[in-house]
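# Summary of the model geometry
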Amino acid sequence: MTRTHPNLKDYSIEGLRGRIARDGLAPYRAEQIAGWLYQRGVEEPERMTDLPVELRSQLRERWETRSLDVSAVDRSADGTVKATLIARDGARIESVLIPEENRTTLCVSTQVGCSLACSFCATGAFGFQRNLATAEIIDQVCRMRELLEAERQITNVVFMGMGEPLLNLDAVIEAVRILLHPKAFGLAPRRVTVSTAGVLPKIRPLLESVPVNLAVSLHATTDDVRDRLVPLNRRFPLRELLATLRALDGITARRPVFFEYTLIDGVNDGPEDARRLARLARSLPSKVNLIPMNTHGDSTLRPPPEATVDRFLRDLASRGTTVTLRRSRGSDIDAACGQLALRSSRRVVDPAVSRAGPAAAASG
Ligand code: SAH
């Protein structure tokens, strides 16, 4: 990392209160600073006009306030916006904005690449580079917000971009605190969702720290199939996954678990799969989100024919499962689920990238 100073956005407001108190500053300055950074979108300390002049210069000299710049923007015909963002060390990540009638969802990345290598996901093929810092997670919200039409604002944040959030838990928790704090982004907890492929030991620590929705990338109802789709299943098999989720009872009392199920032609889309999935979903408070596989790169995996998707959906619904079909958004710009990978053909060379050297050369 080329970062020389700490970044104000690496701290929740509570964390920042403690941190600046050690510098001899009044803790309430943390709320004021957060108001500028997150509510007004002002990053230059000199423009934070209700702070004393000495504090402003102290902030300018000893703190960073920005960690990501926009390197490319793709806009889909359906309104989805994907941005490639570049960090100080040249690392590149992608974030996706999904405007809908009543809400605007931002999908954020938590790692540069991913170590889990799920067989149907483009990010997996890209390998793992590093975790993102809290400031880099939060700057995705700050940068993407600047790309919205004037009257729109981000209403929902999903941790479903590149990477496995629960393998970067501390940074994710601190980022969620900034999203939820009324003096920062002030999102309601039910509007923030963290998705995991099933890093079981980290699920309870997440939910005990922050009251977010939990999404679990299920994709299969037998260990045999899930081992092949989500290699992490070999370490944390289905039985243990379900036991962990059931044991959350008290914590998730108000919120069902969201099971994400990517439908793949001939792999997990049969009537038996639907039957097992319905039984599994019924065994705890949950909702199922079906996502027909989005194709990418060299993958030979395909979505099922539409009729199969419809039948699967009806099978689940007729068994009393709460199920939704996620319409693919942004696939024309490779912004749909599982397509985030920074293809080399899309690389836009800008001065920041060439300065950064080899770290910027992403494959995918
Ligand atoms: N690592 C986390 C978050 C990132 S993936 C997780 O696994 O949950 C976000 C969602 O997109 C996951 O449910 C993932 O399984 C799904 N996904 C990945 N590749 C996909 C593809 N090619 N088509 C459809 N959904 C995909």
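The notes below deal with the structure included here. What you are looking at is a predicted structure, and each value in this text was computed from that prediction instead of being measured.

## Here we look at the site of the ligand
Around the ligand, 21 residues are found, and the nearest of them are Phe120, Ser195, Ser217, His219 and Asn294. Measuring from an oxygen atom of the ligand, one finds a side-chain N or O atom of His219 at 2.5 Å. Glu260 is positioned such that a nitrogen or oxygen atom in its side chain is 3.0 Å from an oxygen atom of the ligand. Going through the elements one at a time, strand E8 (192-196) and strand E10 (257-263) are the ones with two or more residues in the shell around the ligand. For the shell around the ligand, a count of residues per class yields nine nonpolar, 10 polar and two charged.

## A word on unusual backbone geometry
In this structure, Ala117 takes a positive phi of about 55 degrees despite not being glycine. Here Ala117 is to be found in the loop between strand E5 (111-113) and helix H4 (122-125). Ala117 sits in the partly exposed class, given a relative accessible area of 39%. Its identity is not glycine, yet His219 carries a phi of approximately 70 degrees, on the positive side. Looking at the secondary structure, you find His219 in the loop between strand E9 (213-217) and helix H8 (223-229).

## A short note on the packing of helix H1 (residues 13-22) against helix H2 (residues 29-39)
Axis separation between H1 and H2 bottoms out at 8 Å; the angle between their running directions is 130 degrees. For the element pair H1 / H2, the angle class is oblique. The hand of the H1/H2 crossing is right-handed. Every residue of H2 that contacts H1 at Ile13, Leu16, Arg17 and Ile20 is listed here: Arg29, Ala30, Glu31, Ile33 and Ala34.

Rules used in this analysis
Residues numbered from 1 in each chain as written. Predicted model: local features only at pLDDT ≥ 70, side-chain atom pairs only at ≥ 80, totals over all residues. Heavy atoms only, no water. Near = heavy atom within 4 Å. Polar contact = N/O pair within 3.5 Å; in protein donor to acceptor, adjacent residues only side chain to side chain. Helix = DSSP H or I, 4+ residues; strand = E, 2+ residues; numbered from the N terminus. Nonpolar A, V, L, I, M, F, W, Y, C, P; charged D, E, K, R; others polar. Buried < 20%, exposed > 50% of the residue type's maximum accessible area, 1.4 Å probe, protein only. Axes fitted to C-alpha atoms, helices over the stretch in contact; angles between N-to-C directions. Parallel < 35°, antiparallel > 145°, perpendicular 65-115°, else oblique. Left-handed = near helix turned anticlockwise from the far one by under 90°. Contact = heavy atoms within 4.5 Å.

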